[in-house]
Amino acid sequence: IAFVLILNGTGFSQTKKNEVFSLSGRITTISNDYKFMIVDQVKITITGSTKLFDERGNLASITNLKKGIFVSIEALKTRNALIAEKIDLKKPKGV
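Residues numbered from 1 in each chain as written. Predicted model: local features only at pLDDT ≥ 70, side-chain atom pairs only at ≥ 80, totals over all residues. Heavy atoms only, no water.

Colleague: How would you summarise the packing of aromatic side chains if you had to cite specific residues and measurements?
Modeller: Inspection of the entire model under this criterion finds zero aromatic pairs. The aromatic ring of F36 is capped on one face by K43, whose charged end is 4.6 Å from the ring centroid. (Phe/Tyr/Trp six-rings, centres within 6.5 Å; stacked < 30°, edge-to-face > 60°. Lys NZ or Arg CZ within 6 Å of the ring centre and 35° of its normal.)

Colleague: Account for the pairing of strand β5 (residues 70–77), with residues named and values stated.
Modeller: In the sheet, strand β1 (residues 19–30) pairs with β5 via eight bridges, with the strands oriented antiparallel. From the neighbouring strand, S24 faces β5, where its bridge partner is S72. With eight bridges joining them, β5 and strand β6 (residues 82–90) adopt antiparallel strand pairing. From the neighbouring strand, E74 faces β6, where its bridge partner is K86. (Pairing = 2+ DSSP bridges. Helix = DSSP H or I, 4+ residues; strand = E, 2+ residues; numbered from the N terminus.)

Colleague: Lay out the environment of A60 with the relevant residues and their values.
Modeller: By secondary structure assignment, the location of A60 is in the loop between β4 (51–53) and β5. Between the alpha carbons of A60 and L89 there is a distance of 8.9 Å; along the sequence they are 29 residues apart. Aside from chain neighbours lying at most four places away, what touches A60 is L52, F53 and D54. (Contact = heavy atoms within 4.5 Å.)

Pasting the structure below:
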């Protein structure tokens, strides 16, 4: 029984309540339908509720998400996924 408890205590699927998760990095993959993207090897789900902001803080279109762009993300960590609540487009440092 102790062995099973140790295995069940780890991983995404065992998150008890939704938590806010922050991540910054470069988009390495963006799905054609804009339903998800991968940033620093982490899959982020994009929904109709996801807010996207440009470098000046203005609302931006989801079509501004492109491979190679730097982003800062606030996501909700659920039992099975990271759901983007807010995505800020960022300029790389030194540009």
